[in-house]
Amino acid sequence: MSSFIVIGGGILGASTAYHLAKQNVRVTLIDRQDLGQASAAAAGIICPWISQRRNKKWYALVRNGAKYYKQLVKELEDLGETSTGYKQVGAIALQNDTKKLKKMLDRAKEKREEAPEVGELKVLSPDETRSLFPLISEDYSSLYVEGAARVDGRAMRDALVRAAEKLGAEIIDGNAQFSDGVVFVNGKQLVADKIILTAGAWGNEIPSKLGVNMKVSFQKAQIMHFHVENEETGDWPVVLPPTNQYLLAFENGKIVAGSTYEEVVAYDHHVTEEGKRLLVENATGIARTLEKAQIQEVRVGFRPYTPEFLPVIGNLPGFEYIFFANGLGASGLTAGPFVGAELARLALGHETELDLSLYAPI
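In short, a report on the structure. Since the structure is predicted, the reported quantities are computational estimates derived from the model, not experimental observations.

**Overview of the overall build of the protein chain**
Right, on to step 1. For the protein chain, the count of helices and strands is nine helices and 21 strands.
Right, on to step 2. Radius of gyration (C-alpha) of the protein chain: 20 Å, near the 21 Å computed for a compact globule of 362 residues.
Right, on to step 3. For the protein chain, the C-alpha atoms occupy an extent of roughly 65 × 45 × 40 Å along the three principal directions.
Right, on to step 4. A total of 362 residues make up the protein chain; the buried ones form 57% of that total.
Right, on to step 5. Only carbon and sulfur atoms are counted for the fraction: they give 48% of the accessible area of the protein chain, which is about 16100 Å².
Right, on to step 6. Taking the average location of the 40 positive side-chain charges in the protein chain and that of its 45 negative ones, the two points are 3 Å from each other.

**A closer look at the environment of L278**
Right, on to step 1. With respect to the helices and strands, the residue L278 is situated in helix α8 (residues 273-286).
Right, on to step 2. Residue class for L278 comes out partly exposed when judged on its relative accessible area of 30%.
Right, on to step 3. Each C-alpha atom, one on L278 and one on H227, is 18 Å from the other, the two residues being 51 residues apart in sequence.

**A word on unusual backbone geometry**
Right, on to step 1. For the peptide bond that leads from G258 to S259, omega is -15°, which places it in the cis range.
Right, on to step 2. Along the polypeptide, S259 turns up in the loop between β17 (254-258) and β18 (262-263).
Right, on to step 3. We note that N230 has phi near 60°; this positive angle belongs to a residue other than glycine.
Right, on to step 4. Given the relative accessible area of 79%, N230 is considered exposed.

**Comments concerning the packing of aromatic side chains**
Right, on to step 1. All chains considered together, the criterion is met by 10 aromatic pairs.
Right, on to step 2. For the ring pair F218 and Y267, a centre distance of 4.5 Å and an interplane angle of 15° mean the geometry is stacked. Note that F218 is positioned in strand β14 (residues 217-227) and Y267 in the loop between β18 and α8, a separation of 49 residues in sequence.
Right, on to step 3. Overall, the relative accessible area of 11% leaves F218 in the buried class.
Right, on to step 4. Each member of the aromatic cluster is reached from another via a ring pair, and the members are W202, F218, Y267 and F302.
Right, on to step 5. Note that K111 overlies the ring of Y59, its terminal NZ or CZ placed 4.4 Å from the centroid.
Right, on to step 6. Just above the ring of F250 sits the side chain of K254; from NZ or CZ to the centre is 5.1 Å.

**A look at the layout of surface pockets**
Right, on to step 1. Here the second largest pocket defines a volume of roughly 410 Å³.
Right, on to step 2. Lining the second largest pocket are 15 residues, with R53, R54, R107, E110 and K111 positioned closest to its centre.
Right, on to step 3. Of all the secondary-structure elements, those providing two or more residues to the lining of the second largest pocket are α3 (56-78) and α4 (98-112).
Right, on to step 4. If you tally residues by element for the lining of the second largest pocket, the top one is α4, at five residues.
Right, on to step 5. Partitioned by chemical class, the residues of the lining of the second largest pocket number two nonpolar, three polar and 10 charged.

**Things to note about the packing of α3 against helix α6 (residues 153-166)**
Right, on to step 1. Direction vectors running N to C along α3 and α6 enclose 50°, while the axes themselves pass 11 Å from each other. Looking at the two axes, α3 sits oblique to α6. The handedness of the crossing between α3 and α6 comes out as left-handed. Of the residues in α6, those touching α3 at Y69, L72, V73 and L76 are M156, A159, L160 and A163.
Right, on to step 2. Split by residue class, the contact of α3 with α6 holds eight nonpolar, no polar and no charged.

**With respect to α8**
Right, on to step 1. Over its 14 residues, α8 runs 21 Å from end to end, which matches the ideal 20 Å to within 8%, given 1.5 Å per residue.
Right, on to step 2. Buried residues of α8: G275, L279, A283, T284 and I286, and no others. On an axial view of α8, the arc spanned by its buried residues comes to 160°, and they lie on one face.

**Some thoughts on the sheet that holds strand β10 (residues 177-179)**
Right, on to step 1. Read across the open sheet, the three strands follow the order β10-β11-β12; overall the sheet is antiparallel. Strands at the two margins of the open sheet, each flanked by one partner only, are β10 and β12 (188-190). Put simply, the sheet's adjacent strands are angled 30° from each other on average, direction ignored.
Right, on to step 2. Here strand β11 (residues 182-185) pairs with β12 via three bridges, running antiparallel. The partner of V183 across the bridge, within β12, is L190.

**Some remarks on the side chain of T352**
Right, on to step 1. Within the secondary structure, T352 is located in the segment after α9 (332-348).
Right, on to step 2. A polar side-chain atom of T352 sits 2.6 Å from the main-chain carbonyl oxygen of L354.
Right, on to step 3. Contact partners of T352, with chain neighbours within four places excluded, come to E342, R345 and L346.

What counts and how
Residues numbered from 1 in each chain as written. Predicted model: local features only at pLDDT ≥ 70, side-chain atom pairs only at ≥ 80, totals over all residues. Heavy atoms only, no water. Helix = DSSP H or I, 4+ residues; strand = E, 2+ residues; numbered from the N terminus. Rg over C-alpha atoms; globule rule 2.2 N^0.38 Å. Buried < 20%, exposed > 50% of the residue type's maximum accessible area, 1.4 Å probe, protein only. Areas by Shrake-Rupley, 256 points an atom, 1.4 Å probe, with all protein chains shown as cover. Lys, Arg positive; Asp, Glu negative; His and termini not counted. Charge placed at Lys NZ, Arg CZ, Asp CG, Glu CD. Phe/Tyr/Trp six-rings, centres within 6.5 Å; stacked < 30°, edge-to-face > 60°. Lys NZ or Arg CZ within 6 Å of the ring centre and 35° of its normal. 1 Å grid on protein atoms, 1.4 Å probe; cavity = no way out; pocket = protein on both sides within 12 Å on 5 of 7 lines; lining within 4 Å. Points joined across faces, edges and corners; volume = space filled by probe spheres on them. Nonpolar A, V, L, I, M, F, W, Y, C, P; charged D, E, K, R; others polar. Axes fitted to C-alpha atoms, helices over the stretch in contact; angles between N-to-C directions. Parallel < 35°, antiparallel > 145°, perpendicular 65-115°, else oblique. Left-handed = near helix turned anticlockwise from the far one by under 90°. Contact = heavy atoms within 4.5 Å. Expected span 1.5 Å × (residues − 1). Arc of directions from axis to C-beta. Pairing = 2+ DSSP bridges. Polar contact = N/O pair within 3.5 Å; in protein donor to acceptor, adjacent residues only side chain to side chain.

In structure tokens, the structure reads:
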């Protein structure tokens with residue numbers, strides 16, 4: 001039986017381990033539970049179709065990622081994992097410029113030709129917008145995107161890990177050390193046919209010890225959780241303002257506002273007053289009633305990036321038995337589960353859905 005070790009248990013590593021375990025191979029998933037893991041901190045908006053980003057290789061990943069979620073969630077539910085944090089609730093993309101709103105609609109219609117999962121597209125008046133998300137200020141019209149969804153990164157990651165374990169994967173909490181083709185963790189030596197590195201913001205550590213610079217950088221993100229009273233928030237759509245901020249509603253009055261984009265050189269997982277101020281300003285700028293809401297917590301995560309802000313997927317240069325995937329950045333929750341499935345296929349020697357040579361590390 002083939003054996004695989006996956007090092008890094010964020011949503012990408014968890015998905016990779018799950019998809020390997022489905023193939024009846026021996027899988028070990030190792031994660032050291034670092035503070036600031038992006039998947040654990042993030043709440044994601046699954047709505048790639050209205051982005052103005054023109055990179056076709058990036059779009060192929062996020063389009064397939066968004067499409068893949070329904071299949072994945074059904075598989076997880078069949079395994080008894082019903083708390084995935086995923087729900088299709090639609091999105092409202094806010095805009096007070098009618099020309100920009102029309103361009104957004106046209107862009108989404110064009111994308112829908114190859115992605116029917118976009119669903120209904122409809123321009124909403126300010127009153128119609130507020131009827132779907134009552135906290136939004138009166139100034140905004142919006143584009144409604146039926147196929148959009150929200151996902152709780154921590155819940156989805158945990159569901160994938162539990163599902164992998166049910167399928168026979170071994171889950172180890174610990175710091176993986178790598179030397180001469182052997183992995184050591186918690187004083188135990190592990191040997192596998194193939195090793196897969198999915199360590200996110202910490203992705204440089206093992207490659208650098210092997211003499212390879214994978215050029216993984218990271219940004220710090222702070223995400224604020226509000227609580228609002230007397231509102232049934234569970235079915236509210238995700239909110240995409242004209243900026244790169246967002247609002248998501250979850251059950252029981254929880255509103256998540258994100259996020260900061262902070263260039264840092266150290267893994268400082270502390271919440272900052274400046275970060276809180278920016279989050280409150282951005283959130284209340286589109287939903288003034290949040291000024292009176294309770295702030296429940298602020299989460300911190302580190303988004304990993306690779307050169308050109310495009311994910312890399314493939315063999316670690318110079319090491320045929322080591323696979324490396326990293327750099328999902330702010331698209332991690334949209335693309336992560338699908339990329340994990342593709343990475344598992346690649347490591348197994350199976351045909352992948354996309355041409356992964358386009359994403360190969362250099």
